[in-house]
2 protein chains.
Amino acid sequence: MNPNQTRRPIWQDEEGRLQVIDQRKLPHRCCTVDVRTVADMIQAIQTMVVRGAPLIGVCGAYGMVLAAEEACAGKEPKRDLETLAWALREARPTAVNLTWAVDCIMDRLRRTSDPRQWKAAALREARLIEEAEVVRCRDIGCFGLEPIRTLHASHPERPVQVLTHCNAGWLACIEYGTATAPIYAAHEAGIPVHVWVDETRPLNQGARLTAWELAQKGVPHTVIVDNAGGHLMQRGMVDVVIVGADRVSRNGDAANKIGTYLKALAAFDNGIPFYVAIPSSTIDWNLSDGVNGIPIEMRHPDEVRYVEGLDGERRTRILLPPEASPALNPAFDVTPARLITGLITERGICQASESGIRKRFPEWSS
Amino acid sequence: MNPNQTRRPIWQDEEGRLQVIDQRKLPHRCCTVDVRTVADMIQAIQTMVVRGAPLIGVCGAYGMVLAAEEACAGKEPKRDLETLAWALREARPTAVNLTWAVDCIMDRLRRTSDPRQWKAAALREARLIEEAEVVRCRDIGCFGLEPIRTLHASHPERPVQVLTHCNAGWLACIEYGTATAPIYAAHEAGIPVHVWVDETRPLNQGARLTAWELAQKGVPHTVIVDNAGGHLMQRGMVDVVIVGADRVSRNGDAANKIGTYLKALAAFDNGIPFYVAIPSSTIDWNLSDGVNGIPIEMRHPDEVRYVEGLDGERRTRILLPPEASPALNPAFDVTPARLITGLITERGICQASESGIRKRFPEWSS
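For clarity, every value in this text was computed on a predicted model and none was experimentally measured.

Definitions and cut-offs
- Per chain, residue numbering runs from 1 following the sequence as it is written.
- Written order determines the labels here, with chains lettered from A and ligands numbered from 1.
- Only residues with pLDDT of 70 or above have their local features reported here, since the model is predicted, and side-chain atom pairs are shown and tallied only from 80 upward, although totals for entire chains, interfaces and linings are computed over all residues.
- As a rule here, side-chain values come from all non-hydrogen atoms in the structure, and water together with hydrogens is ignored.
- Any two residues whose heavy atoms approach within 4.5 Å at even a single point are treated as in contact.
- The buried area of a pairing is the accessible area, by a 1.4 Å probe, that goes missing from both parts when the two are put together, added over both.
- Any Lys or Arg side-chain nitrogen found within 4 Å of a carboxyl oxygen on Asp or Glu counts as a salt bridge.
- For the purposes of these results, a polar contact is taken to be a pair of N or O atoms within 3.5 Å, where, inside protein, one atom must be able to donate a hydrogen and its partner to accept one; residues adjacent in sequence count only when each atom of the pair is a side-chain atom.
- Labels follow the DSSP assignment, with helices taken as runs of H or I lasting at least four residues and strands as runs of E lasting at least two, numbered in each case from the N terminus.
- Here the term buried applies to any residue with accessible area under 20% of the maximum for its type, exposed to any over 50%, and partly exposed to those in between, with areas from a 1.4 Å probe on protein chains only.
- Throughout the structure description, domain borders are defined by an automatic or database domain assignment.
- Note on residue categories: nonpolar means Ala, Val, Leu, Ile, Met, Phe, Trp, Tyr, Cys or Pro, charged means Asp, Glu, Lys or Arg, and polar means any other residue, Gly included.
- UniProt positions are given in the numbering used here, feature names are shortened, and annotations may be inferred rather than shown by experiment.
- Least squares is the method used to superpose the copies, on C-alpha atoms of residues holding a pLDDT of at least 70 in both.
- Stacked, tilted and edge-to-face pairs are distinguished by plane angle, under 30 degrees for stacked and over 60 for edge-to-face with tilted covering the rest, among Phe, Tyr and Trp rings (Trp via its six-membered ring) whose centres lie within 6.5 Å.
- Only buried residues count toward a nonpolar core, which is a set of Ala, Val, Leu, Ile, Met, Phe, Trp, Tyr and Cys residues joined through side-chain atoms within 4.5 Å.

1. Section: the interface of chain A and chain B
On the side of chain B, 63 residues touch chain A, which itself brings 63 residues to the contact. Each partner contributes to the roughly 4,900 Å² buried at the junction of chain A and chain B, and carbon and sulfur atoms together form 60% of this total. Where chain A touches chain B, the interface holds six salt bridges. In this structure, the connection of chain A to chain B is made through 35 residue pairs in polar contact (both at pLDDT 80 or more). For the side of chain A that touches chain B, the elements supplying multiple residues, two or more each, are α8 (205-217), β6 (221-224), α9 (229-234), α10 (260-269), β12 (306-311), β13 (314-319) and β14 (332-335) of chain A.

The structure is reproduced here in structure tokens:
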């Protein structure tokens, strides 16, 4: 394995076996996990070995390759395939990409009558989905570069200060990332950027994954607690906020990692642009109201009560509150469209509204 | 020592020696530290063995008792006393109580010509300051009970849901606490309350101290990450927010633990009352603009990079981000008065504004 070289969080090795980077172990170790069965893939998604909406979508697609193989080997291939697809879709509830990718492959397989052809058909489709995500992220970078360029022009003497929450980098996607794509594009274009990285409790995807990604690319950054962003904005230390999303409803509401809504409120209160960078695969055109309609996953309370990190050379987890104190762990929140300056999509920046999205994606109009 | 019995975080033992609860070790251990010199007290304040604005004030006062003793034993008592008082005042910059308490005792000692009488005079004054804080917190509880009682009357079938940030409990004060005083008063009055406890990164005073205090008093509570409050408010799961403050300017802006501003924004956005519970010793009448005028302490970045907790039976600290990633650690932020429903003071609830404060404290009017 050589994830650094491929710069992708999922790949097939020489024998065609699926491997993924185990993101729970980063940043202190970079190791991989074999994914041999649909059950393996579901577990990898649920335990957050892999995470991030676009990556979960691609994992769902490759999970369907495994499902095609397993179903074909059974007695009732069609029924088994439906069951395995259902289980994959249910692995995590909030990101729409997972459902979208699984359904996409199911559509293809329902049109393939011979189960012996399923695996090859699913693999072709999964690779298309994967490459489409790469292209979308690259294009998000191109369009998202523009507001950074404009900010830089207005104060060329200092770096553009970007704040981001959670990890919407290549680890969450395939390449470039969504929220990080404009940052990487600016860095590569020679525009000085500095990134405030929200640590993103409870699982610290910011401190662990975004900081690691940025360090690898040589992008200047500083880790802050999730509490600090509002203060930095009040003091003029943030020029723009860019985050990803797990699902955006038709009206432009954006579900993203818990705490995103608080940063959007602070950006709005301080007149700072707040962008949500998403491939169109993240938009749920069937949902008209994200704040009330997007299901919010409740994860295990021990993710709040315990924190994982490095004790000397040893990775361990420590208990924070009193042993008997309960915790609640909602994994996402929904930022209302009214707080979002724009959605950075692969077709350009659009207003976070039904009409704004329609202008960029007229093919979705009824 | 028996801190649980006294329910105070600072006391004198039988031989008159000062002892404090080491709040860094809570909740997993409750142990005490001897404070024998002014240098000990400064260190205890700076390393957050003791913390919380009212408690820091009382510690400053007892620090002045030690200062009186040390200065009296030296060659130039008056000069030494001024130097020690200056060092105590500078131990932490944000809370006004520390300066206030030190100045209060200095005023007394400047009027006491014989240095041999300083210690006794300082001790009398420190005890008055301590008892005055207790009375103020008790009265804050009485006045803060009323909005909770009203909320309960509007939905008697379920507990009143209170969200708090950081620890403004008896550990931060002397007894009752400030933000917790209304909660304890409601609990004792038989009004069902449930508290959402923000863990309060980076030092987790919520998860460690507030959860511990509430558990000891049998108050139902649930620990959440600092990111979660906005979502809970959006979903109707919070009825009222009550926090403490380290300094309130004359216009009603409130400096409190970093992240408080974000919760105030979310409460405002969702029409949820947001109260700041403070003794009048926290009000800085000399400062007209808190957002721009209150100095914000920057603490060591390792408080962000490392987290302390319990690994099995052993207290340890673990590293979260990549070893080379820098961090920034602003300890407080300032919530603008426009987001504050009211200040709960020892004289009643007042509007967070100069005129509102003046009505309750007319003696401060010029």
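Here the narrative resumes.
2. Some remarks on the pattern of salt bridges
All names here are of chain A. As enumerated under the stated definition, the model contains 72 salt bridges over all chains in all. Residues R110 and E82 are paired through a salt bridge, measuring 3.1 Å at the closest nitrogen-oxygen approach. Residue R110 is found in helix α5 (residues 96-110), and its partner E82 is found in helix α4 (residues 77-89); the two are separated by 28 residues along the sequence. Residue R110 is classed as partly exposed on the basis of its relative accessible area of 49%. Among the ionic pairs, E308 bridges to R315, the shortest N-O distance being 2.5 Å. Connected via shared salt-bridge partners are R8, E130, E131 and E175.

3. Things to note about the domain arrangement of chain A
Residues and elements named next belong to chain A. In terms of domain boundaries, chain A breaks down into domain 1 (10-132) and domain 2 (142-364). Using only C-alpha atoms to locate each centre, domain 1 and domain 2 end up separated by 26 Å. Between domain 1 and domain 2, the contact holds 26 residues from the first and 30 residues from the second. Across the domain 1 to domain 2 interface the summed buried area is about 2,300 Å²; carbon plus sulfur atoms make up 59%. Along the contact surface separating domain 1 from domain 2 lie one salt bridge. Note that E297 and R92 form a salt bridge whose closest N and O atoms lie 2.9 Å from each other. Between the two partners, domain 1 and domain 2, sit 15 residue pairs in polar contact (both at pLDDT 80 or more). Looking at the side of domain 1 that touches domain 2, the elements with two or more residues in it are α3 (53-72) and α5. In terms of residue count, the dominant contributor to the side of domain 1 that touches domain 2 is α3 (four residues). Here the residues of the side of domain 1 that touches domain 2 are counted per class, giving 14 nonpolar, seven polar and five charged.

4. Structural notes on the side chain of B:T222
Positionally, B:T222 belongs in strand β6 (residues 221-224). Non-local contacts of B:T222, meaning those with residues more than four positions away in its chain, are made with A:P326, A:A327, A:L328, B:H194, B:V195, B:W196 and B:V197.

5. Brief notes about the UniProt feature "active site" (unreviewed entry) in chain A
All names here are of chain A. When the UniProt feature table is mapped onto this chain numbering, "active site" (unreviewed entry) sits at D246. Of note, D246 is situated in the loop between β7 (240-243) and β8 (247-249). With sequence-adjacent residues up to four places away left out, D246 is seen in contact with A53, T94, A95, V96, N97, A255, N256, K257, T282 and F332.

6. Topic: the UniProt feature "binding site: substrate" (unreviewed entry) in chain A
Residues and elements named next belong to chain A. The sites that carry the UniProt feature "binding site: substrate" (unreviewed entry) are, in the present numbering, R51, G52, A53, R92, Q205, N256 and K257. With respect to the helices, strands and loops of the structure, A53 is situated in helix α3. For A53, a relative accessible area of 3% puts it in the buried group. When near neighbours in sequence (up to four residues on either side) are disregarded, A53 contacts A95, N97, A172, A245 and D246. Within the fold, R92 resides in the loop between α4 and α5. Judged by relative accessible area, which is 6%, R92 ranks as buried. In this view, R92 contacts I45, Q46, M48, R51, I56, L98, E297, R299 and F332; residues no more than four positions away in its chain are not counted.

7. As for the relation of the copies chain A and chain B
Its rotation angle being 180 degrees, the transformation that places chain A on chain B also includes 0.0 Å of axial translation and leaves an RMSD of 0.0 Å. Such values leave the two copies arranged in the relation of a two-fold axis. When the interface residues of chain A are mapped onto chain B, 100% of them are again interface residues, pointing to one common binding face.

8. Remarks on the packing of aromatic side chains
All names here are of chain A. One pass over the full model with this rule turns up six aromatic pairs over all chains. For the pair W285 and W364, a centre-to-centre distance of 5.3 Å together with 45 degrees between the ring planes defines the contact as tilted. On the criterion of sequence distance, the pair formed by W285 in the loop between β11 (283-284) and α11 (290-293) and W364 in the segment after α13 (354-360) is long-range, its members being 79 residues apart. We classify W285 as buried; its relative accessible area is 16%. Both rings, one in F361 and one in W364, keep their centres 4.8 Å apart while their planes meet at 15 degrees; by these two values the pair is stacked. What makes F361 buried here is its relative accessible area of 1%.

9. Considering the side chain of A:N227
Its place among the elements puts A:N227 in the loop between β6 and α9. Of the residues examined, A:N227 reaches a relative accessible area of 2% and is grouped as buried. A distance of 3.1 Å separates polar atoms of two side chains, one belonging to A:N227 and the other to B:D226. Beyond its immediate chain neighbours, meaning those up to four positions away, A:N227 contacts B:H165, B:T200, B:R201, B:D226, B:I258, B:G259, B:L262 and B:D333.

10. Side note on the nonpolar core
Among the nonpolar cores identified, the biggest contains 84 residues, and A:V241, A:V276, A:L343, B:V241, B:V276 and B:L343 are the most heavily contacted of them. Those residues in contact with A:L343 that lie beyond four places of it in its chain are A:V248, A:V276, A:I278, A:G348, A:I349, A:C350, A:Q351, A:A352 and A:I357.

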